[in-house]
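Results of the structural survey
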Amino acid sequence: MTTSFDDRAEWFDRHYGTTRGRVRAALVLERLAATMPPPPAAVLDVGGGSGAIAVPLAVSGFDVTVLDPSPAMLELAGAHARGAGVEVRFVEGGVERIAELTPGPFDAICCHAVLMYLDDPSTHLVAMRDAAATGATLSLLEKNRSALAMRPGLRGDYAEALRVLDDPVATGNLGIPNRSRSVQEWDGLLAQAGWRLDSWAGVRLFSDVAPDVLSDAQYGDLLDLERAAGEREPYRSAARLIHLSATAL
């Protein structure tokens, strides 16, 4: 039986309570604050899931629309928005339906851990460009091809680590196969779709194998470490995820 995002919605939502999930969300939101236009800019969160990024953006004053194909994810995101006392527009549909359901124009588009599930994201990058205003920001969070073997290797799954040295497709904790790509691959794909890659950082290097039970001081130290390491080599190239920021040309 094939695992779906509806099946794993509760698990995905709980992920943001883990150390690696907390670090991921914190660092992505920090970089968004530094790269996106200020509120009340219009933001489209493609595949926004349970609202881990969309709701904090709405709390900060952004005009946020979430496009996601999973009713279960959208239900969780709606509950989080209500709990935070903010309004977020929720639209049920996949990335392939942007032009139909959320044509824009948007000042910023977030697409985090979505395109990794597609064999060819080219048409979807074009669709997001079509929904973006000229000069808009695109935020992508994707699996890092250069570091795919790190986590299984550190966990002791040496056979899997050896396999993914040569195979970009793996099944992560979510249980759904996905494809990793390098920064260089994304640079080419973005350019072909009308985006200019401006910057990128590594996300989740040390936190990827960190325990979930940490004191506030330990978590603060870990977040500081991840923030610094994600901006410099060779550490950012060894991170589990890459966070890319691009501009619509």
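This report concerns the structure included in the present document. Every residue gets a number counted from 1 within its own chain, in the order that chain's sequence is written. Given that this is a predicted model, residues contribute local features only at a pLDDT of at least 70 and side-chain atom pairs are listed and counted only at 80 or more, while totals for whole chains, interfaces and linings are drawn from all residues. Side-chain calculation: all heavy atoms of the structure are included, whereas hydrogens and water are not.

1. A word on the overall build of the protein chain
The condition is simple: Starting at the N terminus, helices and strands are each numbered in turn, a helix being any DSSP run of H or I of at least four residues and a strand any DSSP run of E of at least two. Computation of the radius of gyration draws on C-alpha atoms alone. For the globule rule, the value is 2.2 Å times the number of residues to the power 0.38. When a residue's accessible area, from a 1.4 Å probe over protein chains only, is under 20% of the maximum for its type it is buried; when over 50% it is exposed; and in between it is partly exposed. Calculation of accessible area relied on Shrake-Rupley with a 1.4 Å probe; when residues are assessed, cover is drawn exclusively from the protein chains displayed. We treat Lys and Arg as the positive residues and Asp and Glu as the negative residues; His and chain ends play no part in the count. Charge placement uses NZ in Lys and CZ in Arg. For Asp and Glu, CG and CD serve respectively.
From N to C terminus, the protein chain includes ten helices and nine strands. Scaling as 2.2 N^0.38, a compact globule of 249 residues should have a C-alpha radius of gyration of about 18 Å, and the protein chain matches this with 17 Å. With respect to the principal axes defined by its C-alpha atoms, the protein chain has extents near 45 × 40 × 40 Å. Residues classed as buried in the protein chain amount to 53% of the 249 residues present. In the structure as shown, the protein chain presents an accessible area of about 11,100 Å², 54% of it carried by carbon and sulfur atoms. Separation of charge centres in the protein chain, based on 23 positive and 33 negative side chains, amounts to 3 Å.

2. Some points on the sheet that holds strand 3 (residues 89-92)
Condition: Strand pairing is defined by DSSP finding a minimum of two bridges between the two strands. Here an angle of 0 to 180 degrees is reported between the N-to-C directions of two axes, which are lines fitted to C-alpha atoms, with helices fitted over the stretch in contact. Here, two residues are considered to be in contact whenever any of their heavy atoms come within 4.5 Å of each other.
One open sheet holds the seven strands; their spatial order is 3-2-1-4-5-9-8, and the pairing between them is mixed. If you trace the sheet from one side to the other, it starts and ends with strand 3 and strand 8 (195-203), each paired once. Averaged over all adjacent pairs, the angle separating strand axes in this sheet is 15 degrees, with direction ignored. On the sheet, helix 2 (residues 19-35) packs against strand 4 (106-112), strand 5 (132-143), strand 8 and strand 9 (241-248) and is oriented at approximately 20 degrees with respect to strand 9.

3. Details of a nonpolar patch on the surface
This is how the line gets drawn: Only residues whose relative accessible area exceeds 30% and that form no salt bridge enter a patch; like-charged residues are grouped when within 9 Å of one another, and nonpolar side chains (Val, Leu, Ile, Met, Phe, Trp, Tyr) when within 5 Å. A carboxyl oxygen of Asp or Glu within 4 Å of a side-chain nitrogen of Lys or Arg is what we treat as a salt bridge.
Nonpolar side chains collect at one region of the surface, where Met-150, Leu-154 and Val-209 lie side by side and expose about 280 Å² of accessible area between them. Residue placement: Met-150 occurs in helix 7 (residues 150-155). Assessed through its relative accessible area of 36%, Met-150 is described here as partly exposed.

4. Observations regarding the pairing of strand 9
Buried residues dominate strand 9, accounting for eight of its eight residues. What you see with strand 9 is no split at all: Leu-241, His-243, Ser-245 and Thr-247 on one side and Ile-242, Leu-244, Ala-246 and Ala-248 on the other are buried throughout. Sheet analysis places strand 5 next to strand 9, joined by seven bridges and oriented antiparallel. Bridge pairing in strand 9 links Leu-140 to Leu-244.

5. Thoughts on unusual backbone geometry
Put simply, Pro-39 and Pro-40 share a cis peptide bond, and its omega is 15 degrees. Within the secondary structure, Pro-40 sits in the loop between helix 2 and strand 1 (42-46). Glu-233 connects to Pro-234 through a cis peptide bond whose omega is 5 degrees. Unusually for a residue other than glycine, Ala-113 sits at a positive phi of about 55 degrees. Assessed through its relative accessible area of 16%, Ala-113 is described here as buried. One non-glycine residue, Arg-204, lies in positive phi territory at about 70 degrees. Following the sequence through the fold, Arg-204 ends up in the loop between strand 8 and helix 10 (216-229).

6. Quick look at the packing of helix 2 against helix 10
Convention followed: In what follows, roughly perpendicular refers to angles from 65 to 115 degrees, roughly parallel to angles under 35, roughly antiparallel to angles over 145, and oblique to any angle outside these ranges. With the far helix as reference, a near helix turned anticlockwise by less than a right angle produces a left-handed crossing, and one turned clockwise produces a right-handed crossing.
Running from N to C, helix 2 and helix 10 cross one another at 50 degrees; their axes reach a closest spacing of 11 Å. Looking at the two axes, helix 2 sits oblique to helix 10. Helix 2 and helix 10 meet at a crossing whose hand is right-handed. In this structure, helix 2 contributes Thr-19, Arg-22, Val-23, Ala-26, Leu-27 and Glu-30 to the contact, and helix 10 contributes Tyr-219, Leu-222, Leu-223, Glu-226 and Arg-227.

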